[in-house]
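The chain contents come next:
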Amino acid sequence: MIVNPDYKYMSLQEYLEWEEHQAFKYEYLNGEVYAMTGGTIPHNIVAVNLTTTIKNYLRGGSCRVYMADAKVCVSEEGPCYYPDVVVSCDARDRQATKFLQYPCLIVEVLSPSTEAYDRGGKFTQYRRISTLREYVLIDAEKFSVECFRLNDRSFWELHPYEVGDEVEFTSIDLRFPISLVYEDVQFPN
């Protein structure tokens, strides 16, 4: 993320109105906006593969899958992010036009420049979403899917998946081989 050089504090409403007229996407945190940077081709392939897998599974049901252009706002005051993949099964999100607020599953495909924040500060913010049940981090450079799942005692547990594993998203009752996520991805040497 890159800080907007023309910084001025914005309320969430000002940010939403301002961003509509921008050529690029911006995330919003504590009254500041941050330009979104582009990802790699493997990053894109992983996100498309996962979105396709989830879309095919959810077809005809009440849950919806969204990709990178779907903004998620943690609360009425923000922050707002653009996760790589989001699933919401909440009827309140079906009428959303600017942002989602009630996801059950959020996925970030890791980039070297954002990995630390995705694991730390962003996950801390996402945990404030009362409907969120799973937060998933996917490495685009090696077989690694980490699913943080809210357990019945309200603690977040890590469920890691590697080569040959079957990935499970309990929030939407979906299981699939990890190889689906990495189909067509060429790993660096």
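Source: prediction; values computed, not measured.

Caption draft 1: Representation of the pattern of salt bridges. In the structure shown here, the tally under the stated rule is 13 salt bridges. Here Asp 69 ties to Lys 25 by a salt bridge, and the two come within 3.3 Å at their closest N and O atoms. Placement of the pair is Asp 69 in the loop between strand E4 (64-67) and strand E5 (72-73) and Lys 25 in the loop between helix H1 (12-19) and strand E2 (26-29), with a sequence separation of 44 residues. Owing to a relative accessible area of 66%, Asp 69 belongs among the exposed residues under this scheme. Accessibility expressed as a relative area gives 27% for Lys 25, which makes it partly exposed. Across the pair Arg 119 and Glu 146 runs a salt bridge whose closest N-O atoms are separated by 2.6 Å. Of this pair, Arg 119 sits in helix H4 (residues 115-119) while Glu 146 sits in strand E10 (residues 145-150), placing them 27 residues apart in sequence. The exposure class of Arg 119 is partly exposed, given its relative accessible area of 33%. If you follow the salt bridges from partner to partner, you end up with Glu 27, Glu 108, Asp 118 and Lys 122 in one network.

Caption draft 2: Fine view of helix H2 (residues 41-58). Over its 18 residues, H2 extends 26 Å from the first C-alpha to the last, a length consistent with the 26 Å expected when each residue adds 1.5 Å. Listing the buried residues of H2 in full gives His 43, Val 46, Ala 47, Asn 49, Leu 50, Thr 51, Thr 53, Ile 54 and Leu 58. Where H2 begins, the capping side chain belongs to Thr 40, and its oxygen is found 3.1 Å from the backbone nitrogen of His 43. Where H2 terminates, the next one or two residues include Gly 60, which has phi positive at roughly 85°.

Rules behind the numbers
Per chain, residues are indexed from 1 in the order of the written sequence. Local features in this predicted model are restricted to residues whose pLDDT is 70 or higher, and side-chain atom pairs enter the listing and the counts only when it is 80 or higher, whereas totals over whole chains, interfaces and linings include all residues. Side-chain measures here rest on the full set of heavy atoms in the structure, leaving out hydrogens and waters. Put simply, a salt bridge is a Lys or Arg side-chain nitrogen that is within 4 Å of an Asp or Glu carboxyl oxygen. Here a strand is any run of E in DSSP of at least two residues, a helix any run of H or I of at least four, and the numbering for each starts at the N terminus. Residue exposure (1.4 Å probe, protein chains only): buried if accessible area is under 20% of the type maximum, exposed if over 50%, otherwise partly exposed. What a helix should span is 1.5 Å times the count of its residues minus one. Polar contact is defined as a pair of N or O atoms within 3.5 Å, subject to the rule that within protein one atom must be able to donate a hydrogen and the other to accept it, and that residues adjacent in sequence are counted only when both atoms are side-chain atoms.

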